Amino acid sequence: MSNTLKPDHDTSVVPHDVEMGSEAQEGRAGSVASSPSGLSRFVRSSLQQVFVFAALIAVYVFFLVVAPNFGSPNVLTDILLQSSTIGVLALGATFVIATGGIDLSVGTGMTLCAVMAGIFLGADYMNLPMGLGLLLTLLVGAFIGLINGFNIAILGLPPFIATLAMMMIARGLALIISKAQSIKIANPDYIALSNGRILPFVSNAALIFVLLTIVAAVMLSKTILGRYSLAIGSNEEATRLSGINVKFWLILVYVTAGIFMAMGAVLYSARFGFVQPAEGLGFELQVIAAVVIGGTSLAGGRANIIGTLVGALLMNTLNTGLQMMGLAQQWQLVVVGVVVLIAVFADNVRRSRAAAV
Amino acid sequence: MRLLRSAIAVSSLLALGLTACSTSTPTTTPMDSASPMDSASPMDSASPMDSASPMESTSGEPMGEVTKGDGTKTIYLVSKGFQHRFWQAVKEGAQQAGTEFNYKVEFVGPDNEQQVTQQLDMLKTALNSKPAAIGFAALDSGAASPVLDQIKAANIPIIAFDSGVDSDIPLTTVQTDNRAAAAEAAKHMAELVGDKGTVGLVCHDQTSQTGIQRCEGFQEWMKENAPDVKVLDPQYAGEVGLAANTAKAMIQANPDMVGIYGTNEAAAIGALQGVTESGKKLTLVGFDSGKAQLDAIGSGVEAGAITQSPVKMGYETVKAAIMAVDGQELPKIIDSGFAWYDKTNMEDPDIKSNLYE
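From a predicted model like this one, the values you see are computed outputs, not experimental measurements.

Caption draft 1: Highlighting the environment of T99 of chain A. For T99 of chain A, the location among the structural elements is in the loop between α2 (73-98) and α3 (106-121). Between the C-alpha atom of T99 of chain A and that of T163 of chain A, which follows or precedes it by 64 residues, the distance is 14 Å.

Caption draft 2: Up close: the sheet that holds strand β3 (residues 133-136) of chain B. Residue and element names in this part refer to chain B. Strands sit in the order β2-β1-β3-β4-β5-β12 across an open sheet of six strands; the sheet is parallel. Edge positions in the sheet fall to β2 (104-108) and β12 (333-335), since each of these pairs with one other strand and no more. Recorded for the sheet is a direction-independent mean angle of 20° between the axes of neighbouring strands. Relative to strand β5 (residues 173-175), strand β4 (residues 158-161) runs parallel, the two sharing two bridges. Residue pairing in the sheet places A160 in a bridge with T173 of β5.

Caption draft 3: Up close: helix α5 (residues 159-178) of chain A. All names here are of chain A. With 20 residues, α5 ought to run about 28 Å at 1.5 Å a step, and its terminal C-alpha atoms sit 28 Å apart, in line with that. Looking at α5, one finds that the buried residues are P159, A162, T163, M166, M167, A170, R171, A174, L175 and S178. On its buried face, α5 is in contact with α3, α4 (130-154), β2 (183-184), α10 (246-272) and α11 (283-293).

Caption draft 4: Structural detail: the side chain of N316 of chain A. Assignment of secondary structure puts N316 of chain A in helix α12 (residues 305-325). With residues up to four places along the chain from it excluded, the contact list for N316 of chain A reads I79, Q82 and S83 of chain A together with D121 of chain B.

Caption draft 5: Just the nonpolar core, in detail. Counting 128 residues, the largest nonpolar core has L123, F136, L148 and I151 of chain B as the members making the most contacts within it. The greatest single-element share of this core, amounting to 17 residues, is contributed by α10 of chain A. Those residues in contact with L123 of chain B that sit more than four places away from it in its chain are V78, I134, F136, V147, L148 and I151 of chain B. Counting residues in each nonpolar core, the second largest holds 27 residues, with I75, A97, F107 and I334 of chain B among its members.

Caption draft 6: Structural view of the packing of aromatic side chains. According to the stated counting rule, one finds 12 aromatic pairs over all chains in the structure shown. Here the aromatic rings of F63 of chain A and F70 of chain A are separated by 5.4 Å at their centres, their planes lie at 45°, and the arrangement is tilted. This pair shows no difference in class: F63 of chain A is buried, exactly as F70 of chain A is. A ring pair is formed by F86 of chain B and W87 of chain B, whose centres lie 5.0 Å apart and whose planes are at 85°; its orientation type is edge-to-face.

Caption draft 7: Quick look at α2 of chain A. Residue and element names in this part refer to chain A. In this model α2 runs 35 Å from its N-terminal to its C-terminal C-alpha over 26 residues, within 8% of the 38 Å that 1.5 Å per residue would give. Along α2, the largest kink reaches about 45° and is centred on S84. Within α2, 22 of the 26 residues are buried, which leaves the element mostly enclosed by the surrounding structure. Count one or two residues on from α2 and you reach G100, which has phi positive near 85°.

Caption draft 8: Examining the domain arrangement of chain B more closely. Domain parsing of chain B yields domain 1 (54-176 + 310-336) and domain 2 (178-308). Once you take the C-alpha centre of each, domain 1 of chain B and domain 2 of chain B turn out to be 32 Å apart.

Caption draft 9: Representation of a nonpolar patch on the surface within the structure. Residues F53, I57, V61, F62, L64, V65, V66 and M325 of chain A make up a contiguous nonpolar surface patch of roughly 690 Å² in combined accessible area. Position of F62 of chain A among the secondary structure elements: in helix α1 (residues 38-66).

Caption draft 10: Region of the structure containing the packing of helix α8 (residues 224-234) of chain A against α10 of chain A. Residue and element names in this part refer to chain A. Where α8 contacts α10, the two axes come as close as 10 Å, and the packing angle between them is 110°. The orientation of α8 with respect to α10, classified from their angle, is roughly perpendicular. Considering only the axes of α8 and α10, their crossing is left-handed. Of the residues in α10, those in contact with I224, L225, Y228, S229 and I232 of α8 are V246, W249, L250, L252, V253 and T256.

Caption draft 11: How the structure looks around the pattern of salt bridges. By the definition in use, this model includes 11 salt bridges over all chains. Between E237 of chain A and R240 of chain A there is a salt bridge, with the nearest N and O atoms lying 2.7 Å from each other. A residue pair is termed a helical-turn pair when its members lie 3 or 4 positions apart in one helix, as E237 of chain A and R240 of chain A do in helix α9 (residues 236-241) at three residues. K352 of chain B is the partner of E347 of chain B in a salt bridge, and the nearest nitrogen-oxygen pair spans 3.2 Å. Taken together, the salt bridges that share partners define one network made up of R179, E216 and E220 of chain B.

Caption draft 12: Region of the structure containing unusual backbone geometry. The phi dihedral of N127 of chain A is positive, around 55°, even though this residue is not glycine. By secondary structure assignment, the location of N127 of chain A is in the loop between α3 and α4. On the basis of relative accessibility, which here comes to 47%, the residue N127 of chain A falls in the partly exposed class. Its identity is not glycine, yet K130 of chain B carries a phi of approximately 50°, on the positive side. Its location among the elements puts K130 of chain B in the loop between α3 (116-128) and β3.

Caption draft 13: Seen up close, the packing of α10 of chain A against α3 of chain B. In the contact formed by α10 of chain A and α3 of chain B, the axes pass within 12 Å of each other and the chain directions differ by 55°. It follows from the interaxial angle that α10 of chain A and α3 of chain B lie oblique. As α10 of chain A packs across α3 of chain B, the resulting crossing turns out to be left-handed. Between α10 of chain A, through Y268, R271 and F272 of chain A, and α3 of chain B, the contact on the second element is made entirely by T117, L120 and D121 of chain B.

Caption draft 14: Representation of the pairing of strand β9 (residues 257-262) of chain B. Residue and element names in this part refer to chain B. Of all six residues that make up β9, five are buried, and the element is covered over most of its length. Taken together, the five bridges between strand β6 (residues 197-203) and β9 define a ladder with parallel strand orientation. If you follow V202 over to β9, its bridge partner there is G262. Note: β9 against strand β10 (residues 283-287), three bridges, orientation parallel. Of the residues in β10, the one forming a bridge with I260 is L284.

Caption draft 15: Focus on the confidence of the model for chain B. Residues and elements named next belong to chain B. Summarising the model, chain B shows a mean pLDDT of 82, and 82% of its residues fall at 70 or more. Between residues 8-59, whose pLDDT stays under 50, and residues either more than four places distant or in other chains, the model counts 121 contacts. Note on the complex model: pTM 0.74, ipTM 0.72.

Caption draft 16: Examining the environment of I144 of chain A more closely. All names here are of chain A. Looking at where I144 falls in the secondary structure, it is placed in helix α4. For the pair I144 and I305, spaced 161 residues apart in sequence, the C-alpha to C-alpha distance is 22 Å. The contacts of I144, once residues within four sequence positions are left out, are G109, L112, C113, M166 and M261.

Caption draft 17: Broad picture of the side chain of N345 of chain B. Residues and elements named next belong to chain B. Its location among the elements puts N345 in the loop between β13 (338-342) and α11 (349-352). A distance of 3.2 Å separates a polar atom in the side chain of N345 from the backbone oxygen of W340. Within the structure, N345 has its side chain in polar contact with the backbone nitrogen of D342 (distance 2.8 Å). With sequence-adjacent residues up to four places away left out, N345 is seen in contact with W340 and I351.

What counts as what
- Residues numbered from 1 in each chain as written.
- Chains lettered and ligands numbered in written order.
- Predicted model: local features only at pLDDT ≥ 70, side-chain atom pairs only at ≥ 80, totals over all residues.
- Heavy atoms only, no water.
- Helix = DSSP H or I, 4+ residues; strand = E, 2+ residues; numbered from the N terminus.
- Pairing = 2+ DSSP bridges.
- Axes fitted to C-alpha atoms, helices over the stretch in contact; angles between N-to-C directions.
- Expected span 1.5 Å × (residues − 1).
- Buried < 20%, exposed > 50% of the residue type's maximum accessible area, 1.4 Å probe, protein only.
- Contact = heavy atoms within 4.5 Å.
- Core = buried A, V, L, I, M, F, W, Y, C linked by side-chain atoms within 4.5 Å.
- Phe/Tyr/Trp six-rings, centres within 6.5 Å; stacked < 30°, edge-to-face > 60°.
- Bend = angle between axes of the 7 residues up to and from the residue.
- Domains from an automatic or database assignment.
- Patch = residues over 30% accessible without salt bridge, like charges linked within 9 Å, V, L, I, M, F, W, Y side chains within 5 Å.
- Areas by Shrake-Rupley, 256 points an atom, 1.4 Å probe, with all protein chains shown as cover.
- Salt bridge = Lys/Arg side-chain N within 4 Å of Asp/Glu carboxyl O.
- Parallel < 35°, antiparallel > 145°, perpendicular 65-115°, else oblique.
- Left-handed = near helix turned anticlockwise from the far one by under 90°.
- pLDDT = per-residue confidence, 0-100.
- Polar contact = N/O pair within 3.5 Å; in protein donor to acceptor, adjacent residues only side chain to side chain.

So this is what it looks like as structure tokens:
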């Protein structure tokens, strides 16, 4: 049980009330009493929010100055659209990482869900009605999450290993089921899920991403699932001793991540109208990077959903802006890598400060 | 466990590009990247016998003068990669043309050939930066069509290169005439074996355009021009190990074999290995380059090989793009050329720039 190995200092974290969307943190399971330091903590966590947003805006303004045509509204629209798949995957992954776990299967699992969406909805395949196809796709995602959760919570496999195995299994199945051919989904209603525009200038994919972010933020800070995720991540043993069925909630966390994964798959496949079964490998690392940039601790116990949204946007803004600047690609990799390092370092500093209080 | 998590955090860097190293999927390698989707097979196999230098053999070379630019306009090339030597050579050629005709050239490509989404994001960003024209080597031509429509709507001319795009939007396609290249290989094989004897074929696959054309082009030329050379039925092997076994089996079954032809890097290196292991002396003709093949040709174990011309491909793509900007007519296909190389000419600058290790 890897999750029993938690850093000791996390147990000293004093629980406090959190606003929706602000950084969520939990010390002892189920207790949400206010404390003398609650206010200062709230101020600090708000400041961290401001910091992440400020970083995004600073990067955006920087590119406005240096990259020709970056100010065109199309660029903003595209950054929102292009961030949506990784972003939605990252929302689910935030819950997993909040428990101190990790999900390496999120990239290829997304591809498997997308392939299944293609099988359910593709004109050359089952050609099911859209609602049914969507429902079945979400079930596939939930099922992948269920297997992950079972392997981790019941069989006691380390999350890293369990999801690494699932990453390979999902990739293999996606290639087998699709016969390594790309699958076309032509249904215009389905395509509109990503490419349509209910609002001006904003693709539906981006709108759905933002709505799902709000849902995830409420789930994390206001529901038992979210609170228990953080409690497990802070101290799994203490959570178990306080009478919470840790195994059940862990499984539910992975199922939740699986459902978000399937929703990401829908946005992905609807965006292109094609599913590429060889794609998806490497997405999991982008997802983890987005979550970490957003300020969620890989040690578990602390998560920030809005930060994840900003992390996904920041990654895509960097990719787009650096390309438009004309910076050589080799250097783009270096720059984005350095940003991730800074984010992780900032997280470490915050954590050691929190431990010192 | 904490260490492990830190390791994961750092490995998130990999998300940002190094994933190329970890892929091994049943897709084509950059050197034979003409995707099976290229429905149009416009090769009219211009007989290379007529043309003294195969570099000049074309299915259509753009007519008319290229007008020099004023240095403010940009030609944007979105390729299939940027790390592989082949694409670096394409980039060199593109920049040569840019310098010659006074246009800025931007060149980008995804981390590996499975990253369809990344490539489309790059294409979209290229569009947003409002270049004068775009060159595009599609990884998945079906998935690209919405973006191609947008490029067309923006009135930006688009030129396909390396492999065709399944769409009538690109004004022309700059690619290797694989059938003519294979005929050139056959011509050299016939010369080397003295126009008689039995010759075996190791073809890298039987489904992709390149696999079919590089095999058939060889067979057809032999049938028409060297009736005394007996060409065995082609054997298919896309990996070095498999190609080695195939070649050895062929040599054992046909003791009178005098020559063997491999249609890509892996097939040629495998055939080389098979010949070495069989202990016989055979004339070996290959395709593309790669360190093992260059060493074998340098030492004379392999007689020679056909190389594509990535430098010329880049050059012709930019040239065609500039002509499109000026509103000139372009042929449907522009041959980027190929060349025979052996021990005697592999150090020539024109040849050497196209070879990679």
